[in-house]
Amino acid sequence: VKVLWNDRIVNEDEVRIGFEDRGYQFGDGIYEVIKIYNGNLFTATEHINRLYASADKIQIVIPYTKDVLHKMLYDLIETNEVNVGHIYLQITRGISPRQHNLPNPPVEPVLTAYTKEAARPLDQQKNGVNACFDNDIRWLRCDIKSLNLLGNILSKEKASSNGYYEAILHRDELITEGSSSNVYGIKDGVLYTHPVSNLILNGITRNVILSCCEEIGLPVVESAFTTTQALEMDEFIMSSTTTEVMPVVSIDGQTIGNGKPGQWTKKIQQVFESKISSLVSL
Ligand code: PMP
């Protein structure tokens, strides 16, 4: 398989990563994961827009237009003939002698991207997954899709080493999002989720889910809820590019609703599925 290195599609072993790449030394960079269905990219424009927005927030100037980048990603999935899977793409600030200050004048950012063929987690989507709570110890710019993921990693490890699929993060009592997902509770026919702010990543899947809610007539309230309220929800969902619409059926061992994916969740999944299947191959 081939990979994208800056503006070239090359064999993986041709790629050389600089010793003093700021992504490598500081996590000074940003990334995206874009899902591939039917050999085509899902919500690519939204992901590319968020990538440029993240870059802007940390003063990285991406040296390609959005259209050129979009085309390079298409070329990569065509070259690798990926049918279902994803593209991982990252951009670091570039290579410069190690110092905290931004290089002045700026250096050329370093882009790397690769594809992965990967099956969808259909069993988990059908049966639901278990989650736990964890303190949200991350920084206050969670809106940036930064390569710095130590807080997320520590929470995910705490979850998975205890047999949980995801850690649901909270600041004081208020739930923000999952360690690598957005989260939602449904109570008495209303879907609640944390509003878009510096405390969460504005998930692309989150936006797709909110439009699914509109289509099925499920009212949405974008306001934070507490861990206690979470346990009293009728239904609970987490979402991300790779997990899609994932029912959460227990948190910290306490059953949510009747312990099975709920009716609203299933409806959202159906509408989500129709959006995926309307994607035609390249
Ligand atoms: N929040 C965090 C912290 C994440 O890492 C992710 C997945 N990258 C999400 C939310 C979901 O975002 P998206 O739907 O765009 O994948």
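That block above? That's the structure.
Keep in mind that this is a model prediction, so the values were computed, not measured.

*Asks:* Can you walk me through the overall build of the chain in this structure?
*Replies:* Secondary structure assignment for the chain yields 8 helices and 15 strands. Its C-alpha atoms give the chain a radius of gyration of 19 Å, within 12% of the compact-globule value 19 Å for 282 residues. The 282 residues of the chain split such that 51% are buried. Of the accessible surface of the chain, which amounts to about 13600 Å², a share of 51% is contributed by carbon and sulfur atoms. Of the side-chain charges in the chain, 26 are positive and 35 negative, and the distance between the mean point of each set is 1 Å.

*Asks:* Help me out: how do you make sense of the side chain of T227 in this one?
*Replies:* Secondary-structure assignment places T227 in helix α7 (residues 227-231). Engagement of the side chain of T227 in a polar contact is seen with the side chain of E173, the distance being 2.8 Å. Non-local contacts of T227, meaning those with residues more than four positions away in its chain, are made with F133, H170, E173 and I175.

*Asks:* Hey, could you run me through the environment of I87 in this one?
*Replies:* Along the chain, I87 turns up in strand β5 (residues 85-92). Considered as a pair, I87 and A113 are 26 residues apart in the sequence and their alpha carbons are 6.8 Å apart. The residues touching I87, leaving out its near neighbours within four places in the chain, are E32, V33, I34, I36, L41, L73, L76, I77, Y114 and T115.

*Asks:* Honestly, the site of the ligand in this entry has me stumped. Any pointers?
*Replies:* Taken together, 17 residues lie around the ligand, and K145, E177, I204, T205 and T241 are the ones closest in. In the environment of the ligand, a nitrogen atom lies 2.5 Å from a nitrogen or oxygen atom belonging to the side chain of K145. Separating an oxygen atom of the ligand from a side-chain N or O atom of T205 is a distance of 2.6 Å. In isolation the ligand offers 390 Å² of accessible surface; the protein chains occlude 92% of this area. In this structure the site holding the ligand corresponds to the largest pocket.

Conventions used here
Residues numbered from 1 in each chain as written. Predicted model: local features only at pLDDT ≥ 70, side-chain atom pairs only at ≥ 80, totals over all residues. Heavy atoms only, no water. Helix = DSSP H or I, 4+ residues; strand = E, 2+ residues; numbered from the N terminus. Rg over C-alpha atoms; globule rule 2.2 N^0.38 Å. Buried < 20%, exposed > 50% of the residue type's maximum accessible area, 1.4 Å probe, protein only. Areas by Shrake-Rupley, 256 points an atom, 1.4 Å probe, with all protein chains shown as cover. Lys, Arg positive; Asp, Glu negative; His and termini not counted. Charge placed at Lys NZ, Arg CZ, Asp CG, Glu CD. Polar contact = N/O pair within 3.5 Å; in protein donor to acceptor, adjacent residues only side chain to side chain. Contact = heavy atoms within 4.5 Å. Near = heavy atom within 4 Å. 1 Å grid on protein atoms, 1.4 Å probe; cavity = no way out; pocket = protein on both sides within 12 Å on 5 of 7 lines; lining within 4 Å. Sits in = over half its atoms within 2 Å of the grid points.

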